[in-house]
Amino acid sequence: MSAEAADREAATSSRPCTPPQTCWFEFLLEESLLEKHLRKPCPDPAPVQLIVQFLEQASKPSVNEQNQVQPPPDNKRNRILKLLALKVAAHLKWDLDILEKSLSVPVLNMLLNELLCISQVPPGTKHVDMDLATLPPTTAMAILLYNRWAIRTIVQSSFPVKQAKPGPPQLSVMNQMQQEKELTENILKVLKEQASDSILVLEAALKLNKDLYVHTMRTLDLLAMEPGMVNGETESSTAGLKIKTEEMQCQVCYDLGAAYFQQGSTNSAVYENAREKFFRTKELIAEIGSLSLHCTIDEKRLAGYCQACDVLVPSSDSTSQQLTPYSQVHICLRSGNYQEVIKIFVEDNLAFSLPVQFRQSVLRELCQKAQQGNEALDEICFKVCACNTVRDILEGRTIGVQFNQLFLRPNKEKIDFLLEVCSRSINLEKASDSLKGNMAAFLKNVCLGLEDLQYVFMISSHELFITLLKDEERKLLVDQMRKRSPRVNLCIKPVTSFYDIPASASVNIGQLEHQLILSVDPWRIRQILIELHGMTSERQFWTVSNKWEVPSVYSGVILGIKDNLTRDLVYILMAKGLHCSTVKDFPHAKQLFAACLELVTEFSPKLRQVMLNEMLLLDIHTHEAGTGQSGERPPSDLISRVRGYLEMRLPDIPLRQVIAEECVAFMLNWRENEYLTLQVPAFLLQSNPYVKLGQLLAATCKELPGPKESRRTAKDLWEVVVQICSVSSQHKRGNDGRVSLIKQRESTLGIMYRSELLSFIKKLREPLVLTIILSLFVKLHNVREDIVNDITAEHISIWPSSIPNLQSVDFEAVAITVKELVRYALGINPNNHSWLVIQADIYFATNQYSAALHYYLQAGAVCSDFFNKTVPPDVYTDQVIKRMIKCCSLLNCHTQEKESNRIQFFSHDAMDSYYDYIWDVTILEYLTYLHHKRGETDKRQIAIKAIGQTELNASNPEEVLQLAAQRRKKKFLQAMAKLYF
């Protein structure tokens, strides 16, 4: 150690290591004391708190001299803060269990994206397109960590979350929570869209047969100091924390199993994949041992998953083995054999093998089916409930309120069944005194609850009752029953409500809240809320379910309603209506919205307009998902309502951005270009950016057939999109006096952000509009100075060929947008040859030649009836053919081109099988000479045989020669297509 370093170490060690609480992160930042802090037995703040604070500080927006909020600057301090966050995560060994438990989804998303960035994962590149086997170990491990977290987060989001009891509503706190909730939902939406890719990445990881390495604090320090010098070391097989192949595969198998199990709720066939992954996880745990440092699996949860998979997907040898009670119950429920379920439950009252929670879940499932109108299940529900109740009393638990409800109207059949269950649930010879005492007390209590003495005598004269109760006890009970004062007979009492059952208020409220969550009937929701408010005035019932979501622009108005019952009813009706619309249950959504509209019309013009707007959006969705899919135009009144919404000028009405988006997209999709270009009011173009964008798109579509000089709106549309894709910049003077330029990611000068533009475009499906937008972004992609391979598109000539200030455009974002738009467009119509060529050009420009050739061939195939007709020359242009040849060459299918007539010939060793497709005799003669020179006799004979075909004779008429050439082109392209499709 140098003298200077020793002095620094001594000075550092003499200073206190615990900074003031208010500036601890600054202290760690400036003094580089992070590692020393983390080595403490109980560091305060804890490591996960450090990650949150580091990333929060690094992501704080800045304010320029004009007091405009700017994105966080990319300066040295923020880069160090991000690095410190990564180092803390490395200290925690990138344990997702710890990170997920303590970090929110947005924070962990930011952390893992920083890991991808520092691990040299190219931004905008799909992970599924990357070959993990050829990547550096730390890069591959970063990709695995991100995709493991992605599917774990999706799985976790599907679990119910217990809603915390809210305190008094505070608007600022609610807004903050709503913002974080919306951010989390946006991230989840992206993760779910990429879920299939994440699963493919993790499946590919299971095929790796090499150890991986993850960044440590040391490798991160090296990267921060001199990234160019140490790049090779961090990518070598010895840098970072070693993760053995078996440990990595064990974690990946478990996470994939959980993902497949979650998908099984909508696709039962996927349960087989989950079973395979979970049982492979058990095998790997047995191999590496449960005390592995880098593989933490909750083995109890894994056992539960395996047991569930055994029930849902019995193994192939299950016929030779006795099915478990779980499997038997599950099979009976699926087949509707409910009597067998009852038999299993009665037998289990002796065996005690099925958990009480499982038995209760079966009863809940049956009761829900009964409530949905299957009255035949009412008797089954009582019998299952009776079995569960007997099991409860045998284990010393109290009688549930549900049994009291179902036994409210006793009859001979119910009492006979109850006595049968009691008799078969206890072995009097082997039962303990406590079991016998529990059963006797139950029978005695049932008798005391009965009003009809006939039913009392049925029980008191039963053999089990006589055996369990002494003579004195039985006589005393019967005397008590006879002497009771006359009371209203419960068996003839009309049951007006479930809450006629004697039970505690808390139980009643809980049951009502459960019904409130399940119901989508507006009248029933109103009745439940009236009952709930009659029982307590202290609860806010709109908070019962965390799944009830109302947009923040509405919630402030709704929660301002003074009457508590009205507030709860409006909020819940709207939330349930929005949810039904989201899951495409449009009939129920319409009922809920209509009821809410009727309610708010009485007291709030503002909320009335809100509901009219939401019902308009619902009608748009209903048409688009129904008759609109077959091309049927919307009714004229719907188009008129859309126009009315766009032209609405009511002040103080809360408006959702998505409604404006959908309305403009609706007009474009149904080619209402005349209205958008000529009839839309001028004030809308200034106040509504979506109307402005729609007007420019509609006008550009109308002007396309005209001469180029008349396409003024195309230039206007170009300028609008260029402004949206621009970045703002600012200058900063450093300590050395030099002025540096710091780029900001999005300019605020455009009419909307790029993400908003992309969201709007993904609501369009009119082919011409999508083609116009695609060609614009392709042209914008091509104008950059460092572009090597242009992308082609229809109508690309209508756009300007240059931009005055190239540095202002975020071309990285433009490239990502082009890829996103092509993927979306091909999802709308996978047979559009123009879009297929754009996709092929993108792959060609990114050196993915196999994929490029696939899409070039697909573009030709869709417009030529699989090459049975001639491919139009505007599809297979000279540039496309040259690129196809280059693809073949770089894929070791070497081709050459004769420039006069674009005839191809092959000289690769394996290409003699394609000689039958060559129609130029000169090329075949050259091949004959070439094979003779090489001594390749067999191949020479193949070439001579191809020359000898009569239809290639030069003396043939030109029409015969052209026909021969055309036939060979067709066969060659069909062979290539079969090879690459």
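Just above, that's the structure.
Residues numbered from 1 in each chain as written. Predicted model: local features only at pLDDT ≥ 70, side-chain atom pairs only at ≥ 80, totals over all residues. Heavy atoms only, no water.

**Considerations on the overall build of the protein**
Next up, step 1: Broken down by element type, the protein carries 46 helices and 8 strands.
Next up, step 2: The buried share of the protein, taken over its 981 residues, is 46%.
Next up, step 3: Relative to all contacts within the protein whose residues are 6 or more apart in sequence, the contacts with residues 24 or more apart total 65%.
Next up, step 4: Surface exposure of the protein reaches about 50,800 Å², of which carbon and sulfur atoms provide 52%. (Helix = DSSP H or I, 4+ residues; strand = E, 2+ residues; numbered from the N terminus. Buried < 20%, exposed > 50% of the residue type's maximum accessible area, 1.4 Å probe, protein only. Contact = heavy atoms within 4.5 Å. Areas by Shrake-Rupley, 256 points an atom, 1.4 Å probe, with all protein chains shown as cover.)

**Quick notes on the packing of helix H42 (residues 849-862) against helix H46 (residues 958-980)**
Next up, step 1: H46 packs onto H42 with a crossing angle of 130 degrees between their chain directions and a minimal axis gap of 10 Å. As summarised for this structure, H42 and H46 are arranged oblique, according to the angle between their axes. Of the two possible hands of crossing, H42 and H46 adopt the one that is left-handed. Packed against H42, whose contacting residues are Ser-850, Leu-853, His-854 and Leu-857, the element H46 presents Leu-973, Met-976, Ala-977 and Tyr-980 at the interface.
Next up, step 2: Residue classes in the contact of H42 with H46 are distributed as 6 nonpolar, 2 polar and no charged. (Axes fitted to C-alpha atoms, helices over the stretch in contact; angles between N-to-C directions. Parallel < 35°, antiparallel > 145°, perpendicular 65-115°, else oblique. Left-handed = near helix turned anticlockwise from the far one by under 90°. Nonpolar A, V, L, I, M, F, W, Y, C, P; charged D, E, K, R; others polar.)

**Notes on the state of the cysteines**
Next up, step 1: Taken as a whole and judged by the stated rule, the model has 0 disulfides.
Next up, step 2: Sulfur of Cys-422: no disulfide; nearest cysteine sulfur belongs to Cys-387 and is 9.6 Å away.
Next up, step 3: Classification of Cys-422 as buried rests on a relative accessible area of 0%. (Disulfide = S-S within 2.5 Å.)

**Comments concerning the environment of Thr-846**
Next up, step 1: When you line up the elements, Thr-846 lands in the loop between helix H41 (833-845) and H42.
Next up, step 2: Separated by 57 residues in the primary sequence, Thr-846 and Asn-789 have C-alpha atoms spaced 8.9 Å apart.
Next up, step 3: Here Ile-842 takes part through its backbone oxygen, which lies 2.9 Å from a polar atom of the side chain of Thr-846. (Polar contact = N/O pair within 3.5 Å; in protein donor to acceptor, adjacent residues only side chain to side chain.)

**Topic: the pattern of salt bridges**
Next up, step 1: Enumeration over the complete set of coordinates arrives at 39 salt bridges.
Next up, step 2: Taking the shortest distance from any N to any O, the salt bridge between Asp-255 and Arg-152 comes out at 3.1 Å. With Asp-255 in helix H13 (residues 245-263) and Arg-152 in helix H8 (residues 137-157), the pair connects residues that are 103 residues apart, well separated along the chain.
Next up, step 3: Linked through salt bridges whose partners overlap, the residues forming this network are Asp-348, Arg-359, Arg-391, Asp-392, Glu-395 and Arg-397. (Salt bridge = Lys/Arg side-chain N within 4 Å of Asp/Glu carboxyl O.)

**Digging into the nonpolar core**
Next up, step 1: Membership of the largest hydrophobic core comes to 137 residues, with the highest contact counts inside it found for Leu-646, Phe-777 and Tyr-876.
Next up, step 2: Counting only domains with at least three residues in this core, you end up with domain 3 (505-632) and domain 4 (892-980).
Next up, step 3: By size, the runner-up hydrophobic cluster in this structure holds 83 residues, among which are Leu-83, Val-107, Ile-243 and Ala-258. (Core = buried A, V, L, I, M, F, W, Y, C linked by side-chain atoms within 4.5 Å. Domains from an automatic or database assignment.)

**Observations concerning unusual backbone geometry**
Next up, step 1: In this model, Lys-93 sits at a positive phi of 60 degrees, which is unusual for a non-glycine residue.
Next up, step 2: For Lys-93, a relative accessible area of 47% translates into the label partly exposed.

**Here we look at the side chain of Ser-604**
Next up, step 1: Considering the arrangement of structural elements, one finds Ser-604 in the loop between helix H30 (586-600) and helix H31 (605-625).
Next up, step 2: For Ser-604, a relative accessible area of 11% corresponds to the buried category.
Next up, step 3: Of note is the side chain of Ser-604, whose polar atom sits 3.1 Å from the backbone nitrogen of Leu-607.

**A look at the side chain of Arg-359**
Next up, step 1: With respect to the secondary-structure elements, Arg-359 resides in helix H18 (residues 356-371).
Next up, step 2: Owing to a relative accessible area of 1%, Arg-359 belongs among the buried residues under this scheme.
Next up, step 3: Among residues more than four places away in sequence, those in contact with Arg-359 are Phe-345, Asp-348, Asn-349, Leu-354, Cys-387, Asn-388 and Arg-391.

**Describing the packing of aromatic side chains**
Next up, step 1: In this structure the tally under the stated criterion is 17 aromatic pairs.
Next up, step 2: Ring centres of Trp-718 and Trp-799 lie 6.5 Å apart, and the angle between their planes is 25 degrees; this geometry places the pair in the stacked category. Separated by 81 residues along the polypeptide, Trp-718 in helix H37 (residues 712-724) and Trp-799 in the loop between helix H39 (767-782) and helix H40 (811-828) bring together distant segments of the chain.
Next up, step 3: Looking at Trp-799, the relative accessible area reads 4%, which means it is buried. (Phe/Tyr/Trp six-rings, centres within 6.5 Å; stacked < 30°, edge-to-face > 60°.)

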